[in-house]
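If you want the building blocks of each chain, they are given just below.
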Amino acid sequence: MADVKKLYLKTYGCQMNVYDSERMAEAMGAEGYVTTEVLEEADMVLLNTCHIREKASEKLYSDLGRLKPLKAGKPDLKIGVAGCVAQAEGDEILRRMPLVDLVVGPQAYHRLPEMVRRQGQSVDTEFPAEDKFDHLPQRKGKRGPTAFLTVQEGCDKFCAFCVVPYTRGAEVSRPAARLLAEARDLVERGVREITLLGQNVNAWHGEGPGPRGLGDLIRALAAIPGLDRIRYTTSHPNDMADDLISAHGEVPQLMPYLHLPVQSGSDRILMAMNRKHTAAQYLDLVARIRAARPDILLTSDFIVGFPGETDADFEATMALVRAVGYGAAFSFKYSARPGTPAAEKAPVDEAVADARLQALQALITEQQRAAQAAMVGREISVLYEKPGRMPGQMVGKSEHLMAVFLDDAQGRVGDLVRARVLAAAPNSLSARRLPG
Ligand code: SAH
Ligand code: SF4
Ligand code: F3S
């Protein structure tokens, strides 16, 4: 057998990094690398990083520090840094951590194999004109029932706190024909649920004839036989076009779940964040979405302690959360990021920000529990994703993306079943399979 080399791949950050990691593993597969979960047996270590908050970013350096003894005992070991820290810090990473061999930004992944073949250190953080996905090898073989599909990448919104427009570059939409072909291929290989990904997924736009906006694209995807479920993330409130909202009422495959980050409930802070909408406009949007699909479950992201945030601003956030009623939400303490406009401003007192984060998280947890409890007794559909830990148990996701546990000795991964919810725990449901 030819020399098989082993790749250890660690992914931080968002779902787009998960998708990119999969694609990089495939690209490296063509170079004779198979992935391994065992760090010690790796010939190459690739860290796919996230720059969104300081903690996420610093994790790279502590992980690289831990690789020093491994590299010392194995000088041929290649160490690569990909993702958003690679893009933001470039050759600074090599200066801080000389054990790194290559640094590759998110728009240069198609050049990764060539970089790996090269001797010595290299850095590629170009934003090329070509589409990296055109040059990454196609996937082959059977796969699990759920998949991500990147339809759009980059961001032109420039929220005052956020590094993404700098690390991922300007908004670029992939062509509809390519996406439909990729989706058909995924379905042929066993996928029943596709989550469309983009930093601003609802800003997706098509060129020429065919789908024009994300609502159109979803309608075109729904025509693929065997594609039972469609989701998308992450959306910006200002890009929720009427056509996308109406798709929620009209396309049965489009799941009743929407991640719609608002960040704050204070108009003053929303303005300072450059979000370009008010709390009232967001609430109006939520009402229109719920009119189209009354059972939709909404989730959001929040930042507390943004520079200048007062108690009254924070109370406005709490009021907005109470007014919407979320199924779940992520909340973060503001982290000043180098190069962003907000980083120039005086920070909120740390202890105050901590207390606000706690209060917000308590409220969100309460709402999440209520949303889970409200499912008890209801009939749901569940897509089985894996066997559970108990014998005869299956684990899947409901339409509302809740984890569901069922006793179903006949069940198989990839089955889409009807079920009755028996009980709710804070983060999961248990259910009984219904016949048919
Ligand atoms: N593109 C998506 C998500 C971007 S990052 C969107 O626009 O919604 C995911 C979340 O991280 C953001 O929604 C925001 O809540 C949080 N985030 C981004 N920058 C941050 C920062 N500097 N400090 C704290 N949280 C941040
Ligand atoms: Fe960042 Fe704002 Fe763009 Fe989201 S919309 S990626 S928060 S700049
Ligand atoms: Fe992080 Fe980059 Fe995603 S900064 S959240 S990995 S787009």
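Because the structure is predicted, anything quoted here is derived from the model rather than measured.

Thoughts on the site of ligand 1
Item 1. Looking at ligand 1, there are 14 residues lining it, with Phe161, Gln199, Gln263, Asp301 and Ser335 nearest.
Item 2. The contact in question runs from a nitrogen atom of ligand 1 to an N or O atom on the backbone of Gln199, over 2.7 Å.
Item 3. For ligand 1, whose free accessible area comes to 540 Å², the fraction covered by protein is 89%.
Item 4. Mapped by element, the contributors of at least two residues to the shell around ligand 1 are strand 13 (297-304) and strand 14 (328-333).
Item 5. Taken together, the residues that form the shell around ligand 1 break down as six nonpolar, four polar and four charged.
Item 6. Two domains share the shell around ligand 1, each providing at least three of its residues, namely domain 2 (140-253) and domain 3 (256-371).

Points about the site of ligand 2
Item 1. Taken together, Cys155, Lys157, Phe158, Cys159, Phe161, Cys162, Val164, Pro165, Asn200, His236 and Arg275 are the residues near ligand 2.
Item 2. Of the residues in the shell around ligand 2, the class split is seven nonpolar, two polar and two charged.

Quick word on the sheet that holds strand 11 (residues 229-233)
Item 1. The strand order across the open sheet formed by three strands is 7-10-11, and the pairing between neighbours is parallel. What marks the edges here is a single partner per strand, and that holds for strand 7 (146-150) and strand 11. Here the average twist between neighbouring strands, direction ignored, is 25 degrees.
Item 2. Bridge count between strand 10 (residues 193-197) and strand 11: five bridges; the pairing is parallel. When the sheet's bridge partners are listed, Ile194 is paired in strand 11 with Ile230.
Item 3. Running at roughly 95 degrees to strand 7, helix 1 (residues 15-29) makes contact with strand 7, strand 10 and strand 11 of the sheet.
Item 4. Each of strand 7 and strand 10 is contacted by helix 8 (residues 176-188), which is oriented at about 165 degrees to strand 7, the strand it contacts most.

Regarding the domain arrangement of the protein chain
Interfaces are frequently sized by the accessible area removed from exposure as the parts join.
Item 1. As far as domains go, the protein chain holds domain 1 (5-124), domain 2 (140-253), domain 3 (256-371) and domain 4 (379-433).
Item 2. Centre-to-centre separation of domain 2 and domain 4, based on C-alpha positions: 26 Å.
Item 3. On the domain 4 side, the residues contacting the seven residues of domain 2 number 13 residues.
Item 4. Across the domain 2/domain 4 interface, buried area totals approximately 710 Å², and carbon plus sulfur atoms make up 57% of it.
Item 5. Three residues stand out in domain 2 for area buried against domain 4, namely Pro145, Arg229 and Arg231, and they jointly supply 65% of the buried area on that side.
Item 6. Where domain 2 packs against domain 4, one counts zero salt bridges.
Item 7. Where domain 2 packs against domain 4, one counts five residue pairs in polar contact (both at pLDDT 80 or more).
Item 8. Of the residues belonging to the side of domain 2 that touches domain 4, the class tally is one nonpolar, one polar and five charged.

So, the environment of Phe302
Item 1. Looking at where Phe302 falls in the secondary structure, it is placed in strand 13.
Item 2. Taking relative accessible area as the criterion, Phe302 reaches 0% and is therefore assigned buried.
Item 3. In sequence terms Phe302 and Lys333 are 31 residues apart; their C-alpha atoms lie 8.4 Å from each other.

What to know about the side chain of Glu153
Item 1. Within the element layout of this structure, Glu153 appears in strand 8 (residues 152-153).
Item 2. Engagement of the side chain of Glu153 in a polar contact is seen with the side chain of Arg168, the distance being 2.9 Å.

Some points on helix 9 (residues 214-222)
Item 1. Taken residue by residue, helix 9 has Leu214, Gly215, Leu217, Ile218, Leu221 and Ala222 as its buried positions. Angularly, the buried residues of helix 9 cover 160 degrees about the axis, an arc narrow enough to put them on a single face.
Item 2. Where helix 9 is buried, its residues contact helix 8, strand 10, strand 11 and helix 10 (242-250).

Looking at the nonpolar core
Nonpolar side chains in soluble globular proteins generally cluster together in the buried interior.
Item 1. Core analysis: the biggest nonpolar cluster contains 56 residues, and Leu196, Leu214 and Tyr232 have the highest contact counts within it.
Item 2. Considering every element that reaches this core, the biggest residue donor is helix 8, with six residues.
Item 3. When we break this core down by domain, the ones giving at least three residues each are domain 2 (140-253) and domain 3 (256-371).
Item 4. Among all residues touching Tyr232, those that are not within four sequence positions of it are Thr195, Leu196, Val201, Leu214, Ile218, Met240, Leu244, His248, Leu254 and Leu258.

Examining the packing of helix 10 against helix 12 (residues 279-292)
Packed helices, taken two at a time, are described by the angle between their axes plus the distance between the axes.
Item 1. Closest axis-to-axis distance for the helix 10/helix 12 pair is 7 Å, and the angle between their directions is 35 degrees. Touching Asp242, Ile245, His248 and Gly249 of helix 10 are Leu285, Arg288, Ile289 and Ala292, all from helix 12.
Item 2. Its residues assigned to classes, the contact of helix 10 with helix 12 comprises four nonpolar, two polar and two charged.

Overview of the pattern of salt bridges
Item 1. Under the counting rule described, the total for this entry stands at 36 salt bridges.
Item 2. One salt bridge in this structure joins Glu26 and Arg23, with 3.4 Å as the shortest N-O distance. With Glu26 and Arg23 both in helix 1 and three residues apart, this pair spans about one turn of that helix.
Item 3. The class of Glu26 is partly exposed, set by a relative accessible area of 22%.
Item 4. Its relative accessible area of 1% is what places Arg23 among the buried residues.
Item 5. Of the charged contacts, one joins Arg219 and Asp243 as a salt bridge, the two residues approaching to 2.9 Å between their closest N and O atoms. Placement of Arg219 in helix 9 and of Asp243 in helix 10 is noted, with a sequence separation of 24 residues between them.
Item 6. Salt bridges sharing common partners tie together Lys10, Lys59, Asp63 and Arg66.

Observations concerning the packing of helix 9 against helix 10
Item 1. The contact between helix 9 and helix 10 brings their axes to 7 Å, and the two run at 30 degrees. With respect to each other, helix 9 and helix 10 are oriented roughly parallel. Contacts between helix 9 and helix 10 pair Leu214, Gly215, Asp216, Ile218 and Arg219 from the former with Asp243, Leu244, Ser246, Ala247 and Glu250 from the latter.
Item 2. Among the residues making up the contact of helix 9 with helix 10, the classes are represented as four nonpolar, two polar and four charged.

Cut-offs applied
Residues numbered from 1 in each chain as written. Chains lettered and ligands numbered in written order. Predicted model: local features only at pLDDT ≥ 70, side-chain atom pairs only at ≥ 80, totals over all residues. Heavy atoms only, no water. Near = heavy atom within 4 Å. Polar contact = N/O pair within 3.5 Å; in protein donor to acceptor, adjacent residues only side chain to side chain. Areas by Shrake-Rupley, 256 points an atom, 1.4 Å probe, with all protein chains shown as cover. Helix = DSSP H or I, 4+ residues; strand = E, 2+ residues; numbered from the N terminus. Nonpolar A, V, L, I, M, F, W, Y, C, P; charged D, E, K, R; others polar. Domains from an automatic or database assignment. Pairing = 2+ DSSP bridges. Axes fitted to C-alpha atoms, helices over the stretch in contact; angles between N-to-C directions. Contact = heavy atoms within 4.5 Å. Buried area = accessible area lost by both parts, 1.4 Å probe. Salt bridge = Lys/Arg side-chain N within 4 Å of Asp/Glu carboxyl O. Buried < 20%, exposed > 50% of the residue type's maximum accessible area, 1.4 Å probe, protein only. Arc of directions from axis to C-beta. Core = buried A, V, L, I, M, F, W, Y, C linked by side-chain atoms within 4.5 Å. Parallel < 35°, antiparallel > 145°, perpendicular 65-115°, else oblique.

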